[in-house]
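# Summary of structural features
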Amino acid sequence: MNTLFRNVLAACAAVAVSLSATLAAGALKVGDPFPNLATAGLEGAVPEMANKVVLVDFWASWCGPCKKSFPSLKELHEKYGPAGFLVVAISLDEEKADMDAFLKKTPVPFTVLRDSTGKFASALQIDGIPASFILDGQGRVQLAHTGFDGDKTKKQYVAKIEALLKK
C-alpha cells in the first residue's frame, strides 16, 4: 500500500473536478473505441476480447469501494461468462505484493492485469477508482462509470450487459 500513490491520485481527482470541462473533452466517451490492452504495457496475459462484451475495471487493493465491487464483478462474470461476457480488472497497485495479497484473500475467476506505473490509467484520464468501462463486441465503450454504489451500480451494469449480449 503506497501512501504517495494514494495522495497523488487524490490530488489528480481534485484537479480533475476543477478542470472537468477540459478533461471531459479528452476522456473516453460512449461510442469511442477502447484502447488495445495488448499494447498498453500492462502486466499479465490479456484475454481474447473480440466479439465479447467486456467490463474493464480499474481498481487498487487499498481502495474501499473497489474491494466492495469485487463480489459483484465475480457474480457478473460467473452469470454472464457463458454467454460471451468477460471481466478484465486492471490493478493500479504499485507493488505486485499488495495486489497478490488482496487476490489471495479475494480470489476471482476473471483476468487481472496490472498497470504498476499508472501510465495507462493516466492516458485514459482515470480520475477516480473504481473506474469501469463496458465494451461491446467491437471494443467500443458503451458505459463509463466511476465509483461503486452497491446494488445501484450493479443494476446499471446488468442492464447494459444484458442489452449488449442480446445484440
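Quick note: structure is the one above.
Residues numbered from 1 in each chain as written. Predicted model: local features only at pLDDT ≥ 70, side-chain atom pairs only at ≥ 80, totals over all residues. Heavy atoms only, no water.

Grouped together as the largest cluster of nonpolar side chains are 47 residues, with contacts concentrated most on F34, L37, F58, I90, F120 and I129. Elements represented by at least two residues in this core include exactly β1 (53-59), α3 (64-80), β2 (85-91), α4 (96-105), α5 (119-123), β4 (131-135), β5 (141-146) and α6 (151-166). (Core = buried A, V, L, I, M, F, W, Y, C linked by side-chain atoms within 4.5 Å. Buried < 20%, exposed > 50% of the residue type's maximum accessible area, 1.4 Å probe, protein only. Helix = DSSP H or I, 4+ residues; strand = E, 2+ residues; numbered from the N terminus.)

On to the sheet that holds β2, then. Two orientations exist for strands paired in a sheet by backbone hydrogen bonds: parallel and antiparallel. Strands sit in the order β3-β2-β1-β4-β5 across an open sheet of five strands; the sheet is mixed. The two strands at the open ends of the sheet, each matched to only one other strand, are β3 (111-114) and β5. Neighbour-to-neighbour, the strand axes of the sheet open up by a mean angle of 20 degrees, direction not taken into account. Sheet analysis places β2 next to β3, joined by four bridges and oriented parallel. Along β3, the bridge assignment pairs S91 with R114. Across the face of the sheet, α3 comes into contact with β1 and β2 while running at roughly 165 degrees to β1. Each of β1, β2, β4 and β5 touches α6; the most contacted strand, β5, lies at about 170 degrees to it. (Pairing = 2+ DSSP bridges. Axes fitted to C-alpha atoms, helices over the stretch in contact; angles between N-to-C directions. Contact = heavy atoms within 4.5 Å.)

Now for unusual backbone geometry. A cis geometry characterises the amide bond from I129 onward to P130, with omega recorded as -5 degrees. With respect to the helices and strands, P130 occurs in the loop between α5 and β4. Positive phi, close to 60 degrees, is recorded for Q125, a residue that is not glycine. Mapped onto the elements, Q125 comes out in the loop between α5 and β4.

Glancing now at the packing of aromatic side chains. The tally for this structure, following the rule as stated, stands at nine aromatic pairs. Summarising the aromatic geometry, the rings of F58 and F120 are spaced 5.9 Å apart at their centres and angled 35 degrees between planes, so their arrangement reads as tilted. Taken together, the residues F58 in strand β1 and F120 in helix α5 connect sequence positions 62 residues apart. The exposure class of F58 is buried, given its relative accessible area of 0%. The class of F120 is buried, set by a relative accessible area of 8%. A ring pair is formed by F70 and F110, whose centres lie 5.6 Å apart and whose planes are at 55 degrees; its orientation type is tilted. One end of the pair, F70, is in helix α3; the other, F110, is in the loop between α4 and β3, and 40 residues separate them in sequence. Here F70 and F110 have matching classes, each one buried. Members of the aromatic cluster, each reached through a chain of ring pairs, are F34, F58, F120 and F133. (Phe/Tyr/Trp six-rings, centres within 6.5 Å; stacked < 30°, edge-to-face > 60°.)

Attention now moves to α6. Under the 1.5 Å per step criterion, the end-to-end length of α6 is 22 Å for 16 residues, consistent within 8% with the ideal 22 Å. Taken as a whole, α6 has its buried residues at T153, K154, Y157, V158, I161 and L164. The buried residues of α6 occupy one face: seen down the axis, they fall within an arc of 140 degrees. In α6, those exposed residues whose orientation departs by more than 90 degrees from the buried face are D151, K152, K155 and K166. Close packing links the buried residues of α6 with β1, α3, β2, β4 and β5. (Expected span 1.5 Å × (residues − 1). Arc of directions from axis to C-beta.)

In terms of burial, β1 is largely enclosed, as seven of its seven residues are buried. Here β1 shows a buried face lined by V53, L55, D57 and W59 and a second buried face lined by V54, V56 and F58. With seven bridges connecting them, β1 and β2 associate as parallel partners. If you follow W59 over to β2, its bridge partner there is S91.

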